[in-house]
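Chain and residue survey
The lines below spell out each chain.
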Amino acid sequence: AHVWQGIIREYADHLPDHVRTHVVTLGEGGTPLVPAPALSRLTGADVLVKVEGMNPTGSFKDRGMTTAISAAAARGAEAVVCASTGNTSASAAAYATAAGMVCAVLVPDGKIAMGKLSQAIAHGARLLQVDGNFDDCLIAARKLAEVYPVELVNSVNPDRIEGQKTASFEVVDVLGDAPDIHALPVGNAGNITAYWKGYREYAAAGRATHLPQMWGFQAAGAAPIVLGHPVTEPETIATAIRIGNPASWEQAVEARDSSGGVIQSVTDEQILAAHRLLSAEVGVFVEPASAAGVAGLLQRAERGEVPAGARIVVTVTGHGLKDPGWALRTADGDDVVPQRVSADVMSIAAALGLD
Ligand code: F0G
């Protein structure tokens with residue numbers, strides 16, 4: 001049986017030499033592409049979800065972090081820095097640890113999910129809660145890396161995009177060709193940039209006969225690309241994509257336009273509804289931001305904008321355990337309180353309504 005080697009070794013032929021000389025891996029990639037009959041039924045299409053929460057630190061960031069940290073290690077770097085809404089910091093902290101590097105992370109004060117905060121701290125990162133939002137953190141991280149001997153591992157680092165593009169390769173390897181449409185959440189816009197690069201490169205290498213339309217979805221309160229201008233005070237419950245001035249803005253627009261796709265917004269209510277649907281009807285538990293792609297797909301289906309029978313892959317970007325509290329609230333915002341029962345079979349059967 002083939003043992004998965006991590007994305008650098010699996011896709012060495014499609015990656016630059018400088019990420020391959022000193023491989024730092026935690027076995028990322030090779031994530032499941034799961035058919036989602038519930039979504040196919042609702043959209044009239046053939047929908048699969050790419051479950052990126054199955055990466056070692058629970059998000060797609062690991063694909064770009066193995067390449068960024070490997071390249072930094074090859075250059076002899078001793079310290080890295082990133083700005084993050086949480087997942088990048090968790091991933092950077094883990095890969096820096098594996099490489100024996102110091103990792104500093106800048107996160108917006110009070111606006112990152114508990115699971116992600118725990119991960120960065122567990123992996124020994126120097127975590128600073130910055131009095132500002134993600135965009136402020138990124139400006140500071142970029143300046144820090146310009147002036148001090150620390151390497152920036154945000155997705156403005158091209159090595160990150162190189163790693164993240166391998167998700168497209170995996171989709172094509174499983175399906176035998178590119179899907180018709182690829183939907184995903186958009187925050188800092190690195191991932192849509194990476195997927196588009198991956199699809200183009202694989203098609204150029206003769207591995208796919210066509211390219212998908214790229215459908216990106218931002219949260220309505222943090223939708224600068226949709227609005228056409230930066231948002232100074234982005235707000236959304238989907239903290240992972242609470243970003244007002246995406247670093248890869250132009251690349252995202254390029255992916256949208258040259259693929260004939262769209263970038264649209266979805267409300268927090270739509271995101272939470274998609275989050276519940278993924279858990280309760282597909283069987284995949286994600287964090288809220290990760291459901292934005294599904295929310296957007298459903299919105300387009302309601303508007304009659306999903307081509308019948310199209311093969312659609314939706315990336316769900318991060319694991320539900322990152323931010324588990326949302327599952328303990330009903331659609332009406334009430335707390336979910338587990339039912340108590342005494343430890344005898346009769347009471348349990350009665351509570352379950354069995355006769
Ligand atoms: N989904 C999740 C779970 C994320 O953590 C992010 C970004 C995105 C989607 C959006 O991806 O930025 O490439 O457009 N999280 C970054 C972070 C910003 O710091 O963890 P993008």
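Residues numbered from 1 in each chain as written. Predicted model: local features only at pLDDT ≥ 70, side-chain atom pairs only at ≥ 80, totals over all residues.

The next thing to look at is the UniProt feature "binding site: pyridoxal 5'-phosphate" (unreviewed entry) in the protein. The positions that UniProt labels "binding site: pyridoxal 5'-phosphate" (unreviewed entry) are, in the present scheme, Asn-87, Gly-187, Asn-188, Ala-189, Gly-190, Asn-191 and Thr-317. For the residues just named, distributed over 231 residues, the greatest C-alpha separation is only 14.2 Å, placing them together at one site. Relative to the helices and strands, Ala-189 resides in the loop between strand S7 (181-185) and helix H9 (190-204). In this structure, Ala-189 is in contact with Pro-246, Ala-247, Ser-248, Trp-249, Gln-251 and Ala-252, ignoring residues within four places of it in sequence. Counting through the fold element by element, Asn-191 comes out in helix H9. For Asn-191, a count of 28 C-beta atoms within 10 Å gives the class buried. If we ignore the near neighbours within four places in the chain, the residues touching Asn-191 are Phe-60, Gln-164 and Leu-184. (UniProt positions renumbered as here; feature names shortened; annotations may be inferred. Helix = DSSP H or I, 4+ residues; strand = E, 2+ residues; numbered from the N terminus. Contact = placed C-beta atoms within 7 Å. Buried ≥ 20, exposed ≤ 12 C-beta atoms within 10 Å, placed from the backbone.)

The next subject is the confidence of the model for the protein. Detailed reading of the predicted coordinates is not advisable wherever pLDDT falls low. In this model, the protein carries a mean pLDDT of 97, and residues with pLDDT of at least 70 account for 100%. Taken over the whole predicted complex, pTM reads 0.97, whereas the ipTM for its chain interfaces reads 0.99. (pLDDT = per-residue confidence, 0-100.)

Now for the UniProt feature "modified residue: N6-(pyridoxal phosphate)lysine" (unreviewed entry) in the protein. Here, the residues flagged by UniProt with the feature "modified residue: N6-(pyridoxal phosphate)lysine" (unreviewed entry) are Lys-61. Look at Lys-61 and you get buried, because 34 C-beta atoms sit within 10 Å.

Attention shifts here to the site of the ligand. The environment of the ligand is made up of 22 residues, and the closest members are Ser-84, Gly-187, Asn-188, Thr-317 and Gly-318. Contributing elements (two or more residues each) for the shell around the ligand: helix H4 (87-99) and H9. When its residues are assigned to classes, the shell around the ligand shows six nonpolar, 14 polar and two charged. (Near = placed C-beta within 6 Å. Nonpolar A, V, L, I, M, F, W, Y, C, P; charged D, E, K, R; others polar.)

On to the pairing of S7. Buried residues dominate S7, accounting for five of its five residues. Residues Ile-181, Ala-183 and Pro-185 line one face of S7 and the alternating positions His-182 and Leu-184 line the opposite face, and both faces are buried. With five bridges joining them, S7 and strand S8 (residues 213-219) adopt parallel strand pairing. Note that in S8 the partner of Leu-184 across the bridge is Gly-216. Regarding topology, H9 serves as the crossover connection from S7 to the parallel S8, and that connection is right-handed. In this sheet, strand S10 (residues 311-316) lies alongside S7 in parallel orientation, the contact comprising three bridges. Paired with Ile-181 across the bridge in S10 is Ile-312. (Pairing = 2+ DSSP bridges. Right-handed = clockwise from strand over helix to strand, strands pointing away.)

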